[in-house]
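# Remarks on the overall topology
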Amino acid sequence: MTEGWPRSASGTYDRPMRAVVLREFGAPEVLRVEEVPEPEPIPTEIKVRVRAAGINPVDFKTRAGRGMALAMGEPPLLIGWDVSGTVAEIGPGVTRFRVGDEVFGMPWFPRQAGAYAEYVTAPSRHFAAKPSVLSHEEAAALPLAGLTAWQIIVDTIQLQAGDDLLIHGVAGGVGHLAVQIAKARGANVIGTARCEQEAWLVGLGVDRVIDYRSERFEELLDDLDAVIDLTGKQGEGSLQALRPGGILVSVPSGTSAELIEKAKEMRRRVTGFLVEPDPVGLRGLEELVEAGKLQVHVDKVLDLEQAAEAHRLAEDHHGGGKIVLRVAE
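Residues numbered from 1 in each chain as written. Predicted model: local features only at pLDDT ≥ 70, side-chain atom pairs only at ≥ 80, totals over all residues. Heavy atoms only, no water.

## Section: the pairing of strand 5 (residues 82–90)
Convention followed: Only when DSSP finds a minimum of two bridges between them are two strands counted as paired. For the purposes of this entry, the term helix denotes a DSSP run of H or I that reaches at least four residues, the term strand denotes a run of E that reaches at least two, and both are numbered from the N terminus.
Relative to strand 5, strand 3 (residues 45–55) is paired through 8 bridges, and the arrangement is antiparallel. Bridge pairing in strand 5 places Gly-54 opposite Asp-82. By the bridge criterion, 4 bridges tie strand 5 to strand 6 (residues 102–105) in an arrangement that is antiparallel. Residue Thr-86 lies in a different strand from strand 6, and its bridge partner there is Glu-102.

Below, the structure written as structure tokens:
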């Protein structure tokens, strides 16, 4: 039910909606569908009827009390950030969208957005037009992972044509998008993954796949321009594989003081990274998709009521695309 949620100024709410509610941190079974108050847009915001919501590692980390739990506060909470849906209402001042427009985005990250729900509200610039060639399920798999890849490659690394890029975890949700963005910019891409994923990765554009279970990348590579470590476990070896002045971006766990000092000693650069809402990046992703240069791989689609099962699957997932919740037909 709706206990524990803020009421409107009148003390009542007229329109409840279904949402996945987190009332305590813990295992996947803490996720349950309840009725909560339907949000209303304030000036500059849009209300989106959610058709699908993507699941990311930060979702299940937050559910367990890690991830973005500190930024979001104590339960009850609505989790999830990847959204694809239809504009249901616009607040005063919004000029970018009209009611009925199909949109996708990553609203409010790292604050609470509540993507696993029938409606979300957020500033209009947290969204962009949904790529017409994608289903809502495919579009919902794109924002957080896609913006992470885009902002690392385009804004942080500033990757150029001819650059040599190594991606650890290249077969994952961020990795399979990062390789395509990098190839669209003319880079040479090497990826660490399982050997059985090689054919799929080569099809996406990876120039060389290194099996991390049987090969040591630091013994095979050197003079790289950039490394993206999506595992958070390959810091020192990645520095060895970089050229002087090359950059390592470490995503899940950031960078330790020891790694930063090691990079300085070796005349390399290292940085952590956290994605943020970005209409320019969303537009860039949309253009690549529409041009046929960016494919989104969805591994499995489950219904909203199966959120706990979706989290179990996501936590055991080892690359091959994204898991998505279908919220409405």
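## Observations regarding the packing of helix 4 (residues 143–157) against helix 5 (residues 175–184)
Filter applied, for reference: Convention adopted: a line fitted to C-alpha atoms gives each axis, helices being fitted over their contacting stretch, and angles between N-to-C directions are expressed from 0 to 180 degrees. Each angle receives one of four descriptions, namely roughly parallel if under 35 degrees, roughly antiparallel if over 145, roughly perpendicular if within 65 to 115, and oblique otherwise. In this scheme, a crossing is called left-handed if the near helix is turned counterclockwise away from the far one by less than a right angle; it is called right-handed if the turn is clockwise. Residue contacts are counted whenever heavy atoms from the two residues lie within 4.5 Å of one another. Classification convention: Asp, Glu, Lys, Arg as charged; Ala, Val, Leu, Ile, Met, Phe, Trp, Tyr, Cys, Pro as nonpolar; all other residues, Gly among them, as polar.
The N-to-C vectors of helix 4 and helix 5 enclose an angle of 40 degrees; their axes lie 9 Å apart at closest approach. With respect to helix 5, the axis of helix 4 lies oblique. Here the hand of the crossing between helix 4 and helix 5 comes out right-handed. Between helix 4 and helix 5, the contacting residues are Ala-145, Gly-146, Ala-149, Trp-150, Ile-153 and Val-154 on the first element and Leu-177, Ala-178, Ile-181 and Ala-182 on the second. Looking at the contact of helix 4 with helix 5, its residues break down into 9 nonpolar, 1 polar and no charged.

## Description of the side chain of His-311
Position of His-311 relative to the elements: it lies in helix 11 (residues 307–315). Residues within four places of His-311 in sequence aside, it is in contact with Pro-28, Leu-31, Ile-55, Asp-59, Phe-60, Arg-63, Ile-79 and Tyr-116.

## Re the side chain of Ser-238
Note the cut-off: To sort residues, take the accessible area from a 1.4 Å probe on protein chains only and compare it with the maximum for the residue type: under 20% means buried, over 50% means exposed, and anything in between is partly exposed.
You can see Ser-238 is positioned in helix 8 (residues 235–241). The class of Ser-238 is buried, set by a relative accessible area of 0%. Dropping the residues within four chain positions of it, Ser-238 is found in contact with His-168, Phe-217, Val-227 and Leu-248.

## Comments concerning helix 11
Every α-helical turn comprises 3.6 residues, leaving residues that sit three or four positions apart pointing alike. Quick reminder of the rule: Think of it as the arc spanned by the lines of direction from the helix axis to the C-beta atoms.
Among the residues of helix 11, Ala-307, Ala-308, Ala-310, His-311 and Ala-314 are the ones counted as buried. End-on view of helix 11: buried residues confined to an arc of 160 degrees, all on one side of the axis. Of the surrounding elements, those touching the buried residues of helix 11 are strand 1 (16–22), strand 2 (31–37), strand 3, helix 1 (57–63), strand 15 (298–303) and strand 16 (322–326).

## Some remarks on the pattern of salt bridges
We apply this condition: Salt bridges are counted wherever a side-chain nitrogen of Lys or Arg sits within 4 Å of a carboxyl oxygen of Asp or Glu.
Summed over the entire model, instances satisfying the criterion amount to 23 salt bridges. For Arg-213, the salt bridge identified is with Asp-211, shortest N-O distance 3.4 Å. With relative accessibility at 45%, the residue Arg-213 sits in the partly exposed group. A single network of salt bridges, built from pairs that share partners, joins Arg-15, Glu-38, Glu-40, Lys-47 and Glu-89.

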